[in-house]
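Now for the letters of each chain:
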Amino acid sequence: MPKFTKSPWVMHYDGSSCNGCDIEVLASMTPLYDIERLGVVNTGDPRQADILLITGGINYYNESVVRQIYSQMPEPKVVVAVGICACSGGVFRDCYNIKGGVDTTIPVDVYVPGCAARPESIIDGIVQALEVLEKKSAASAAPTEGESNA
Amino acid sequence: MKRTIVPFGPQHPVLPEPIHLDLVLEDEKVVEAIPSFGFVHRGMEDLASKRDFNDYLYVVERICGICSYMHGMSYCEGAERIFGVEIPDRAKYLRTIWCELSRLHSHLLWLGLLADAFGFEALFMQSWRIREKILDMVEDSTGGRLISSVNLIGGVARDMDREMLDGFVKQFDKMESELRSLTKVFLKDTTVRARLFEVGVLTKTDAILYGAVGPMMRASGIELDTRKLGYAAYGDIDFDIITSNGCDSLARCEVRIGEIFQSFNIIRQAVAKIPDGEICISVKGNPKGEATVRMEQPRGEALYYMKANGTRNLERFRVRTPTFSNIYSLLKILPGAQFADVPLLILTIDPCISCTER
Ligand code: SF4
């Protein structure tokens, strides 16, 4: 694992999950798994967050909320889709109110599989997100590549 | 006095799930709370008409990740009633044990979240640390931490051997003594008491009037527990209904803590009594008929209705979940509360939004 220049804060939002992945996200912050040892702090405010953990697929009612949260986060930002529902819609993909995975609405950088995603894989997803974040901040700091989405 | 409206949610730091309330405030006091729902509505009941009834079991388990086991079990009970089959005794006991393990992990989860809601971080971490041991037991016996998929129509898919069952019971003693010292903080600590005592009072009359269920109702002094109907092996097990006459948040905490220790005892009894034998019978054909199942989940009574017309798909599947019933009580206790107590009061009903909205 490379060295990171900053301690990223994560935020969690429930797209339309069954709660299973949500509590696994919370469980990964508690003593047994403890992602805080990676410098990660859980925050409730999108304006302070670097990494957005989304559980569950996107439904038509929640879509605008997810878009809004994403737009409120400062650049550079990373989105992690936690659980099969967030990756593709999962068991709910044929439900009338489900649009699909998170990537139908906002760009996703890391996909964490599993139903429910295990805390171990969530931690792995966050570590990968840290690397993506590092790349993104390096790219946005470089004067020649001034593209905002880099 | 001038009124202000403060929107609460859908994204907020209290619960992992989205819920939206418009709080009408007069100064710091809530005068009205107007909820709006549907942020996690998926349309699962409709899916029953698209999926084979055997496969739909796996969808039902995902109504809610916390009570996943109980949802699956209720669905199977309903289907078994439609088919008119009786499952083997060993399967009944195994279901009882898993049910109580789910109750334990759900109540410990709630204790942690409650501690978090009144800002006691260490207590939150401690509760979840103990909860992980329960999840290890669930994982050892079913293979999954939350979504276990261990129920089948006609029984259960996995057995537990003597060694494993005795191993669980052996671990309980240590966990109980750890929990005793932990729960003492919830019930006796002065600062915690100050946040819970006489906050969010729901009188006995109101609890009946607003149709509260589960620990919410039992904390208002009503003695009712659907487990006494004797589904699974509960008929053979000796337990008392835990109630409290406090009617406030502290009483709800007390009832849930009481139920944690009660669950340990129920599992102990079930382990001592479990008979040998088959764990599953085969059920063939398509269901035809109707069934209604009532079941006590960690959050209260859930009601399932199933209607089958002899094809591979169910004609109608309907769930009334405990949070749905308890939201009325929440809207009753919010007016008059302090603004700072709102997160706490939302938590005292132990809300599960994904159940409610499906
Ligand atoms: S992936 Fe599974 S556990 Fe996670 S939200 Fe979806 S159904 Fe629930």
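Whatever comes next refers back to the structure up there.
Residues numbered from 1 in each chain as written. Chains lettered and ligands numbered in written order. Predicted model: local features only at pLDDT ≥ 70, side-chain atom pairs only at ≥ 80, totals over all residues. Heavy atoms only, no water.

**Topic: the sheet that holds strand β1 (residues 9-16) of chain A**
In any sheet, the strands associate via hydrogen bonds between backbone groups, in a parallel or an antiparallel arrangement. All names here are of chain A. Judged by pairing direction, the sheet is parallel, and its five strands sit side by side in the order β2-β1-β3-β5-β7 without closing on themselves. In this open sheet, the two strands that pair with only one neighbour each are β2 (41-43) and β7 (110-112). This sheet shows a mean twist of 30 degrees between the axes of neighbouring strands, independent of strand direction. Sheet strands touched by helix α1 (residues 20-27): β1, β2, β3 (51-56) and β5 (78-82). Its angle to β3, the strand with the most contacts, is close to 145 degrees. (Pairing = 2+ DSSP bridges. Helix = DSSP H or I, 4+ residues; strand = E, 2+ residues; numbered from the N terminus. Axes fitted to C-alpha atoms, helices over the stretch in contact; angles between N-to-C directions. Contact = heavy atoms within 4.5 Å.)

**A word on empty space enclosed by the protein**
All names here are of chain B. Tallied over the entire structure, the rule returns three cavities of 30 Å³ or more. Reported here for the largest cavity is a volume of approximately 100 Å³. Every residue lining the largest cavity is listed: Ile66, Ser68, Tyr69, Trp98, Leu101, Ser102, His105, Val138, Thr142, Arg145, Leu146 and Ser148. Among the elements that take part in the lining of the largest cavity, helix α4 (residues 89-117) stands out by supplying four residues, more than any other. Residue composition of the lining of the largest cavity, grouped by class: six nonpolar, five polar and one charged. (1 Å grid on protein atoms, 1.4 Å probe; cavity = no way out; pocket = protein on both sides within 12 Å on 5 of 7 lines; lining within 4 Å. Points joined across faces, edges and corners; volume = space filled by probe spheres on them. Nonpolar A, V, L, I, M, F, W, Y, C, P; charged D, E, K, R; others polar.)

**Overview of unusual backbone geometry**
The phi torsion of most residues other than glycine is negative, and most of the peptide bonds are trans. For the bond running from Glu75 of chain A to Pro76 of chain A, omega is -10 degrees, close enough to zero to count as cis. One can find Pro76 of chain A in the loop between α2 (63-72) and β5. Residue Ala116 of chain A is bonded to the preceding Cys115 of chain A through a cis peptide linkage, with omega at -10 degrees. Relative to the helices and strands, Ala116 of chain A resides in the loop between β7 and α4 (119-141). If you check the backbone angles, Asp27 of chain B has positive phi at about 60 degrees while not being a glycine. With respect to the helices, strands and loops of the structure, Asp27 of chain B is situated in the loop between β2 (20-26) and β3 (29-36). Phi is positive for Glu198 of chain B, which is not a glycine, with a value near 55 degrees. With respect to the element layout, Glu198 of chain B can be found in the loop between α7 (190-196) and α8 (204-209).

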